[in-house]
Each structure stands twice: as C-alpha cells, then as structure tokens.
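# Tertiary structure, described
Below are the chains, spelled out letter by letter.
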Amino acid sequence: MPIKNSNTLSILHSFKSSFSSISSPSFHSSTSSSPKCPSTPHKSPSTPPHPHHTLSQSMMEDNIATAESVIAKHAADPTPFYGDHQEGRDFLTAIKKLQESMLFFVSESSSNSSSHNNLVRAQTLMQTAMDRLGREFYHIMSVNRDNLDPDSISGRLSIRSIGSDYDYSDTGSDEDSLTTRESIQQNERLSSPAMLDVQSIAECMISSGYGKECLKIYKTLRKSIIDEGLHTLGFERLGPHQIHKLNWDIAEPKIKIWLNSSKIAVKTLFSGERILCDHVFAASGAIEETCFAEIVKDAAVDLFAFPESVATKCKKLPEKIFPILDLCDTLSELIPDIESIFSCESTSTVRSQAATAVAKLGDVVRTMIRDFESALQKDNCRLPVPGGGIHPLTHNVMNYVCALVDYSGTLVEVYSNQPLPVQSPLPELLIENSPTAEDPLSSITVLFAWLILVLLCKLDGKAELYKDVGLSYLFLANNLHYIVTKIRSSNLRYVLGNDWISKHDAKLHLYVASYENTTWGKAVASLQEDPTVVIERDAAMEVFQRFNHAFWAVYRAQTEWVVPDGSMREEMKASVKKKILTAYRAFYWKYRFLVGHEKDTDIIVPDHLETYLSELFYSSSLSGPGCNGYSRD
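So, how was this worked out
Residues numbered from 1 in each chain as written. Predicted model: local features only at pLDDT ≥ 70, side-chain atom pairs only at ≥ 80, totals over all residues. Heavy atoms only, no water. Salt bridge = Lys/Arg side-chain N within 4 Å of Asp/Glu carboxyl O. Helix = DSSP H or I, 4+ residues; strand = E, 2+ residues; numbered from the N terminus. Buried < 20%, exposed > 50% of the residue type's maximum accessible area, 1.4 Å probe, protein only. Core = buried A, V, L, I, M, F, W, Y, C linked by side-chain atoms within 4.5 Å. Contact = heavy atoms within 4.5 Å. Expected span 1.5 Å × (residues − 1). Polar contact = N/O pair within 3.5 Å; in protein donor to acceptor, adjacent residues only side chain to side chain.

## Regarding the pattern of salt bridges
- This structure, assessed with the given rule, holds 19 salt bridges.
- Linking Asp 363 and Arg 366 is a salt bridge whose minimum nitrogen-to-oxygen distance equals 2.3 Å. One end of the pair, Asp 363, and the other, Arg 366, are both in helix α12 (residues 348-378), three residues apart, so they sit about a helical turn from each other.
- A salt bridge links Lys 503 to Asp 499; the shortest N-O distance between them is 3.2 Å. Of the two residues, Lys 503 and Asp 499 both sit in helix α17 (residues 492-525), four residues apart, roughly one turn of that helix.
- Overall, Lys 503 belongs to the partly exposed group, its relative accessible area being 26%.
- Salt bridges sharing partners connect three or more residues here, namely Lys 223, Asp 227, Arg 237 and Asp 302.

What follows is the structure, encoded as structure tokens:
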C-alpha cells in the first residue's frame, strides 16, 4: 500500500522519533545480535554546505542504491526467506541503511531539492520493503502456528519459572517426567527462532512507521487462534437472545463445559497470548498492551460474562446452588491469574467483568441458602412417617448440607462482611463459641449449625404427630442418629466439631432411654420387684399373666416400628433384652415348676421371648404398609 507524498514528512517525523530510541532488528542468529542505530546527525537548514556534507550525501545515496538492489531482489521473489537467516539479515540490514539515509535526507529536504527527491525515492523503497516484510511476517506466524500456540508458550514459561526446584516426582514416573521435559525442550527449539524472527520483523516495521500494518497482520492471525481455542474447548458465546432465554436445562450442560474450558483458557490461551505479545512487542509497552487487549478482550469478557448470565437469568432454586457454587469457586480461584494477565488499563473491562460475575454469584448463593432455610421453616407436612423411620425432610436437608459443606472455603468468601441467615442469640447447644473476625470459618460453622437446628426443631414438631409416646421417641432417635452419622461421615465433623457431636450423642441416648422406659417399662414392672421374696402359686401365675399381657400389647404394637440403621438396631435390641429378658428368665426358672405345665397358663418360654425380641425393629414386608422401603441389613 503506497504512502502518498503529502503524508511523507509527517510519517518520517514520527519515524525519526521512534527510530532514535529503538534498535534496528535482525533475523535470529546464534552468532550475531541486532546492530544499534547510530546517532542521528543534526544539520541546521541555515548552515552552508561543507565538503563533509557532500561526502555524507554521497554515502547516503549509496545506501539507498544498495538497499534498492536488495529490496528489489526480494520484492519480486514470492519465496519466503524464513529459514534462510542470512537472506533475512541482509534484508533487514538494507532496511537499516535505508532508515539512516531517510533520517539524513529528512533534515536536508527543506533547503535542498536533491535531498527531497532522495527522500521520496527512499520512501518508495521503504514502502516496497515493508510490503515484503509484512508478507514475511504473515508467513512466519502462519507456518509456525502450532509452535506459537498459547499452550506451547505458556508451557515453556511454566517450566522455566519452576526451575531446578521443581519436583518431577509429583507428575508421575521418572520416565513420564523425562518425556514431558523433552517435549517442552523440543517445542522450544522449534518455536524460539520463530519468536525471535517475529520480534525482529515487528520491531523493524514499528520503528519504520509501519506499526499499524504490523499490528493488523498480527491481530488478525492471533485473534483467530484465541477464538478457535475457545471453540475447541467447547465454549459457546451466547448472543443476547440466547441469554434472555437461558434456563437450567440449557445452562447446566454449558456450566460443565465452562468449568473445564475457563481454567485452560486463562492459564493457557490468555496467558500464552500475553507472553507472546510481551515478547514480540517488547520494544513498546503501549503497543503490546493495545495489541493484547484487541486480541483477547472480547473473548475474555464473553467467557467471564457467562457465570453472570447464569446468576441473573436462571431461576434461583435452592437445589441448583451447587452449579452456582462450582462457577463461583472456579472463577474465584482464577481471579489472581486474571488480574495478573489482564493487568493493563486497556483490559480493565476484563477484570471488572470477572469481579462482577463473582459478586453476582455470591449474591445468588446467599439468596438460595436463605430460600432453603425459609422453605425448611415453612414445611408443614402433617403425615407421620410409618414406624418412626427417617423422615424425607431429614434425608433431604442432610444431603443438602453435607454437599454444601464441601464448599466451605467458597462460602467463607461469599459471607465475608455479609450477615448470616440465622437468628440471634444462638442456643448454647447450637455452637460452643461465637464467630470471630480472627476465625472466618466460625461464621460458616454457625450457618451449618443453624440449618441443622432448624431441622431438629421441625422434627420435634413432627414427633408430636404420633399417638404413641414411645414411637415419638423412637422417631426422634432414628432421625437424630441419622443426622449425627451423616455429620461424622462428612466434612461437617470438622466444621461443627467434636463438642457438637458429643452433645447430640448424649441427646440421642436420652431419646433411646425414653423410648425403652415408655414402651417396655410396664412389662418390666409387672415382674416381682423383690426376687428374694417367695410367692405362692396363684400369685406367681398372676405375675406371669400380667407380664404376658403387657409384653404382647407392646410387642404387637412394635411389629410396625423400625430402626433403619443396622448397628443402632442391634444395640437397641440388646438393651431391651438386657432390661426384660434377664429379669423374666430369673422369674421363669424360679416358678415354672410351681405353676406346672397346664395348657391354660400360656407362659412364654424364655427362648421364645428372646426370639420375639430379636425380630423387633425390622418392619419388613412382614409388617405391611408403612415399611417405606426399609429391609433387613
């Protein structure tokens, strides 16, 4: 693209100021480095010519002639000289000489028509050289697309930054580690020359006043790589219409893709592109920042806008809190990398978008937990669970909070400087210590303890639905045992602590003892209180009959009662046997011969009594409706 003569002086003035501070570039070589530009001579237009001036002018004209022969040779030849570093160095040297001549003639052109003509000639050659150099720039970046991909670049930076302190044993076997290092070194051998050549051409074009053309080529190629990279990762940019119609059926599959693609995009695509931009445009920080922003800003903003779209458009259902927490957790983890990679002012919108998304996700998390607690408080189901088993509410709430506790770190951030959805003051049984600023996790402890307390209060109300007091206590014991067991087997044990568990274990034992006393107490009391006193046959028969009546009344009622947990069931049966069977066996063997073997006595044999007690708490299909899926362990 030729530059018009009317623009020549303005371009050259810009070129002169940039060239005075930038090295003249050269193609990569292991034996040479880029020569520095000599100091620019300054001649006042009013100074009369001297012999030295004539000699200098002749030298500059010779430079133009030499550059013209080199530039004309390669301008007509479409063959790239990438790979032939000598040809590349010769071409850049010719441009350097041409730059020196242009600097000389621009200071002379106002008072010397010959200098003006030489300047126009040099500018025409420079335009031709830049067209050729632009094609070479495009060719190098195209053929080295795989070696200049962000994954390779960020991988090299990682291995360099780790250095000799890296413990390769952490990544697998020694053979795998060696293979990884060799792969990185091989990639570096392939891509490093290309990076150096691209950098040399970029510096040359920018110092010659053709930065705009250079950036256009670079941005076109690199922006497509970023877009293709996100597409390969599965991330789909959402248009306004798609965002407006976003719901959970659409969002959940996309969230899974985003969770994986966002980490790779930040740590590989964006990071690698930032490294490459920093390297190629190292001579100009302003150009590097602008170029990087124009390549990745739109893609990055769209990537980090997706979590915000989910947070604002999808219905805030408490059961959907976990995808939201996954988004919040992943994005919060990436924030330090985002702030580092997008640190310049031109990419501030990316940082702002990521921060806004985290804040919106936090708002949604707090809303969902508040709605969950509110729904728990409002539960008014009046249908008792058959047999005093585990209430569905207990299952649902404990599954929810046990999954929620795995996000404690995220919740600490979400509730940082935010009020917890709990009432104050808290009961002593709820938590031993009040939350403090020094221990932010204690606030989350209060949150979980509060949710469980609300559940326990609801269970107290549901226990009153049973007409049999003993069954009420069995219901409370079953549900509290389930709650404590779930806490012990999850991360809640670390959040709530041993003191909380111990207090509720003691409460569980009270429920079990209350069940035994209210159900089996009458049967135990029917036996003679003082075993040292010998009674008559009629009195002994009366005791047997009283016990039989009390036992069968309780036993028949309890054929529908359940203890779902196997270990708890065996412990409770052992306790009942100890309370009843021991006393009955002693009485039976003392008076069985006295009462005789009359058929109408209907005395229970101790072995049979033990069998009956062993069949308690199953409520199998033997018990008919109300079994609710419980079976023998």
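## Structural notes on the environment of Ser 352
- Position of Ser 352 among the secondary structure elements: in helix α12.
- Taking the C-alpha atoms as reference points, Ser 352 and Glu 339, separated by 13 residues in sequence, lie 9.6 Å from one another.

## Considerations on the nonpolar core
- In terms of nonpolar packing, the biggest core is built from 169 residues, with Phe 270 and Phe 304 touching the most fellow members.
- At 13 residues, the largest contribution of residues to this core is made by helix α15 (residues 441-463).

## Describing the environment of Val 576
- Within the element layout of this structure, Val 576 appears in helix α19 (residues 566-595).
- Since its relative accessible area comes to 1%, Val 576 is described here as buried.
- If sequence neighbours within four positions are ignored, Val 576 has contacts with Tyr 515, Glu 516, Trp 520, Leu 581, Leu 613 and Leu 616.

## Examining helix α16 (residues 469-488)
- Taking 1.5 Å of rise per residue, 20 residues should cover 28 Å, and α16 covers 29 Å from first to last C-alpha, within 8% of that figure.
- Where burial is concerned, most of α16 is hidden: 15 out of the 20 residues are buried.
- With a side-chain oxygen positioned 2.8 Å from the backbone nitrogen of Gly 470, the residue opening α16 is Asp 468.

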